[in-house]
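So the chains spell out like this:
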Amino acid sequence: MTSAATTRRSVTVRAPAKVNLELKVGPRRVDGYHELATVYMAVGLHDEVTVVPSDEWSVVVHGPYADHVPTDSSNLALRAARSLAEQVGVDEPVSVVIYKEIPVAGGMAGGSADDHLWGLGLPRDDLLETAADLGSDIPFVLTGGIAVGSGRGERLAPVLARGTYHWVLAVSDTGLSTPSVYAECDRLRGTSRIPLPEPSADMMTALRSGDVDALGAALTNDLSDAAISLQPDLGDVLVAGLEYGAVGGVVSGSGPTVAFLTDSPEAALDLCVSLTASGVASEVRRAKGPVHGAQVVPGPTPRA
Ligand code: C5P
């Protein structure tokens, strides 16, 4: 295939990162997952996934976190692309090119890009179902904005919310395995009976009012103790961020990223400088939220 044809037929999708503003972990289900009540916000750090028709399935990763992304058949974007091909009976391999800006494992942009490449125009619900098969929080990556996730986190309901928020994300250079964090949460809880989780009234009120201090105070994560138990440095990061002026801080999802809320772009920049200077976080990023879910990027040129 010529490069002109390749360029014309490639499709690029940008998919946002997410922060869990609230993560309540309920009882473990018979399928091994835990019943969740979580509130997601999509924030302005993005992965870009470009799919190009090719002779065989392959994946290439660029960007600051490229080293942490597998390029074998376990790659999520590749799995998303193949899963969609299987679902709709398309026999057209693609090469997946990923520009990775999000520190933690991303998602469904591969399948979403293929939907456009192959001109499928699949109903949103079908894409969301495929997304949920790949990971509990991946449907949210397609949806974006702010949403409540229930079930194992894949069932979404939009949230009435006001305001734009300025986040600082403290990124750890060592990963945490999601199943290990849930297992540690179970271990720490022991045999106590866990109620079915619900989003808190404080969180919903804070989001409706757009009050940054109320939102900062309402940030919670039931996996936080487990993540800190497995990676004690995260506790130091949380304490430091709050001492340096964040209006709230929370381990995002199963970690190891810690998200700090600030009340202005300037405060976010100051916090980045303080956290970096203190040496407590190996890397910090700023991001605004909420932002849209995964979207097709107009124009033919993928980043590399
Ligand atoms: O859905 P996802 O692939 O992200 O889940 C990874 C792992 O995290 C699951 O295999 C399970 O161990 C744990 N998990 C859970 N309950 C959830 C979501 C994830 O126990 N609601």
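About the thresholds
Residues numbered from 1 in each chain as written. Predicted model: local features only at pLDDT ≥ 70, side-chain atom pairs only at ≥ 80, totals over all residues. Heavy atoms only, no water. Helix = DSSP H or I, 4+ residues; strand = E, 2+ residues; numbered from the N terminus. Buried < 20%, exposed > 50% of the residue type's maximum accessible area, 1.4 Å probe, protein only. Polar contact = N/O pair within 3.5 Å; in protein donor to acceptor, adjacent residues only side chain to side chain. Contact = heavy atoms within 4.5 Å. Expected span 1.5 Å × (residues − 1). Arc of directions from axis to C-beta. Near = heavy atom within 4 Å. Areas by Shrake-Rupley, 256 points an atom, 1.4 Å probe, with all protein chains shown as cover. Nonpolar A, V, L, I, M, F, W, Y, C, P; charged D, E, K, R; others polar. Salt bridge = Lys/Arg side-chain N within 4 Å of Asp/Glu carboxyl O. Domains from an automatic or database assignment. Buried area = accessible area lost by both parts, 1.4 Å probe.

### Brief notes about the side chain of Thr 262
Position of Thr 262 among the secondary structure elements: in strand β10 (residues 258–262). Take Thr 262: its relative accessible area is 2%, and that puts it in the buried class. A polar contact of 3.3 Å, which involves the side chain of Thr 262, links it to the backbone oxygen of Ser 264. With residues near it in sequence (within four places) discarded, Thr 262 still touches His 166, Val 168, Val 212, Val 247, Ala 267, Ala 268 and Leu 271.

### Things to note about helix α2 (residues 76–88)
Counted at 1.5 Å a residue, the expected span for α2 with its 13 residues is 18 Å, and the 18 Å between its end C-alpha atoms agrees. All buried positions along α2 are accounted for by Ala 77, Leu 78, Ala 80, Ala 81, Leu 84 and Ala 85. Around the axis of α2, the buried residues are gathered within 160° of arc, so they sit on the same side. Near the N-terminus of α2, the side chain that reaches the backbone nitrogen of Ala 77, with its oxygen 3.0 Å away, is that of Asn 75.

### Here's the deal with the site of the ligand
The immediate surroundings of the ligand are formed by Gly 32, Tyr 33, His 34, Leu 36, Gly 135, Ser 136, Arg 152, Thr 178, Pro 179 and Tyr 182. His 34 places a polar side-chain atom, nitrogen or oxygen, 2.7 Å from an oxygen atom of the ligand. Ser 136 places a side-chain nitrogen or oxygen 2.5 Å from an oxygen atom of the ligand. Within the complex, the protein chains bury 76% of what would otherwise be the 460 Å² of accessible surface of the ligand. At the level of secondary structure, the elements contributing two or more residues to the shell around the ligand comprise β2 (34–53) and α6 (178–189). Looking at the shell around the ligand element by element, the count peaks at three residues for α6. Looking at side-chain class alone, the shell around the ligand contains four nonpolar, five polar and one charged residues.

### Some remarks on the environment of Leu 261
If you trace the backbone, Leu 261 turns up in strand β10. By relative accessible area, Leu 261 is classed as buried at 0%. Spatially, the C-alpha atom of Leu 261 lies 6.3 Å from that of Gly 216, the residues being 45 residues apart in sequence. With sequence-adjacent residues up to four places away left out, Leu 261 is seen in contact with Tyr 165, His 166, Trp 167, Val 212, Leu 215, Gly 216, Leu 219, Ala 246, Val 247 and Gly 248.

### So, the pattern of salt bridges
In this structure the tally under the stated criterion is ten salt bridges. Lys 18 is the salt-bridge partner of Asp 137, the closest N and O atoms lying 3.4 Å from each other. Residue Asp 137 is found in the loop between α4 (124–134) and α5 (138–143), and its partner Lys 18 is found in strand β1 (residues 11–28); the two are separated by 119 residues along the sequence. Relative accessible area serves as the criterion here: at 27%, Asp 137 is assigned to the partly exposed category.

### Comments concerning the domain arrangement of the protein chain
As far as domains go, the protein chain holds domain 1 (5–158) and domain 2 (165–289). Spacing between the C-alpha centres of domain 1 and domain 2 amounts to 23 Å. In total, about 2,600 Å² of surface goes out of reach between domain 1 and domain 2, with carbon and sulfur atoms giving 64% of it. Considering only the side of domain 1, the residues that lose the most area to domain 2 are Leu 21, Leu 23 and Val 25, jointly responsible for 22% of the buried surface there. Between the two partners, domain 1 and domain 2, sit two salt bridges. One salt bridge in this structure joins Asp 186 and Arg 28, with 3.8 Å as the shortest N-O distance. Those elements giving two or more residues to the side of domain 1 that touches domain 2 turn out to be β1, β2 and β5 (146–150).

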